[in-house]
Amino acid sequence: MTELLVNGGRHEVHGSVLTTLAEVLRGHLGLTGTKVACGEGHCGACTVLLDGAPALACITLLEAVGEREVTTIEGLRDHPLVDAFVRADAVQCGFCTPGQIVSAAALVRETPAPTREQVRHAMAGNLCRCGTYPKIEEAISTWQG
Ligand code: FES
Ligand code: FES
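Criteria and thresholds
Residues numbered from 1 in each chain as written. Chains lettered and ligands numbered in written order. Predicted model: local features only at pLDDT ≥ 70, side-chain atom pairs only at ≥ 80, totals over all residues. Heavy atoms only, no water. Helix = DSSP H or I, 4+ residues; strand = E, 2+ residues; numbered from the N terminus. Rg over C-alpha atoms; globule rule 2.2 N^0.38 Å. Buried < 20%, exposed > 50% of the residue type's maximum accessible area, 1.4 Å probe, protein only. Contact = heavy atoms within 4.5 Å. Areas by Shrake-Rupley, 256 points an atom, 1.4 Å probe, with all protein chains shown as cover. Lys, Arg positive; Asp, Glu negative; His and termini not counted. Charge placed at Lys NZ, Arg CZ, Asp CG, Glu CD. Core = buried A, V, L, I, M, F, W, Y, C linked by side-chain atoms within 4.5 Å. Expected span 1.5 Å × (residues − 1). Pairing = 2+ DSSP bridges. Axes fitted to C-alpha atoms, helices over the stretch in contact; angles between N-to-C directions.

Caption draft 1: Spotlight on the overall build of the protein chain. Tallying secondary structure elements over the protein chain gives six helices and five strands in all. Counted from the first residue to the last, the protein chain has its helices and strands arranged as β-β-α-β-β-α-β-α-α-α-α. Taking 145 residues into account, the globule formula puts the C-alpha radius of gyration at 15 Å, and the protein chain, at 15 Å, falls close to it. Summarising its shape, the C-alpha atoms of the protein chain cover approximately 45 × 25 × 25 Å along the three principal directions. Within the protein chain, the proportion of its 145 residues that are buried is 43%. At a minimum sequence separation of 6, the contacts of the protein chain that also span at least 24 residues come to 58%. Accessible surface for the protein chain amounts to roughly 7700 Å². Of this, 51% is attributable to carbon and sulfur atoms. Across the protein chain, the mean location of the 11 positive side-chain charges is 7 Å away from that of the 16 negative side-chain charges.

Printed below as a string of structure tokens:
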């Protein structure tokens, strides 16, 4: 039994030594906003925050989370970035979007008005097969309205 702090709530979850954080979030806690695409740490679809820092849930073992607070896209539903992505039309199929917003939230928390270069650097690990990169950059650059 492991205790997890997720989006401000505590949960007791079970898992083996090989259970990933993504499996627990999606399968045990029903937080399916965290997507799994590659499952190998290459695409960023599964990005969550651990104590505010981006982490790839598909390659983070449950046992490695420890006392750190997990924030998923569900925990960011009221973040202004969500509206900014809609305003900028930065969503096509939407599969990558939760991970994009989670990574962007970590960026603007540290750097509220990032340059395009800073946006590209921070978002380099989040792939979008629909190619919405220019609109994602616009959303992050205009998130404060
Ligand atoms: S699903 Fe985790 S990095 Fe691709
Ligand atoms: S919007 Fe389709 S993968 Fe990014």
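Text resumes after the structure shown.
Caption draft 2: Here's a closer look at the side chain of Thr132. The residue Thr132 is located in the loop between helix H5 (116-122) and helix H6 (133-141) in this model. With near-sequence residues (within four places) excluded, Thr132 lies in contact with Ala90 and Gln92.

Caption draft 3: Focus on the nonpolar core. Ranked by internal contacts, the top residues of the largest apolar core, which has 21 residues, are Leu81, Phe85, Ala90, Met123, Ile136, Ala139 and Ile140. Among the elements of the structure, helix H3 (80-87), helix H4 (97-110) and H6 are those that each provide at least two residues to this core. Judged by nonpolar contacts, the second largest core, of 17 residues, contains Val6, Val24, Cys46 and Cys58.

Caption draft 4: Representation of H4 in the model. Over its 14 residues, H4 extends 20 Å from the first C-alpha to the last, a length consistent with the 20 Å expected when each residue adds 1.5 Å. A large share of H4 lies buried, amounting to twelve of its 14 residues. Considered for burial, the residues of H4 that qualify are Thr97, Pro98, Gly99, Gln100, Ile101, Val102, Ser103, Ala104, Ala105, Ala106, Leu107 and Val108. Elements in contact with the buried residues of H4: strand S3 (47-50), strand S4 (53-56), H3, H5 and H6.

Caption draft 5: Region of the structure containing the sheet that holds strand S1 (residues 2-6). Strand order in this open sheet of five strands is S2-S1-S5-S3-S4, and the pairing throughout is mixed. The open sheet has two free edges, formed respectively by strand S2 (9-13) and S4, since each of these has just one partner strand. Averaged over all pairs of adjacent strands, the angle between their axes in this sheet comes to 40°, without regard to strand direction. Pairing of S1 with S2, which is carried by five bridges, proceeds in the antiparallel orientation. Counterpart to Thr2 in the pairing with S2 is Val13. In the packing of H4 onto the sheet, the strands contacted are S3 and S4, and the crossing angle to S3 comes to about 35°.

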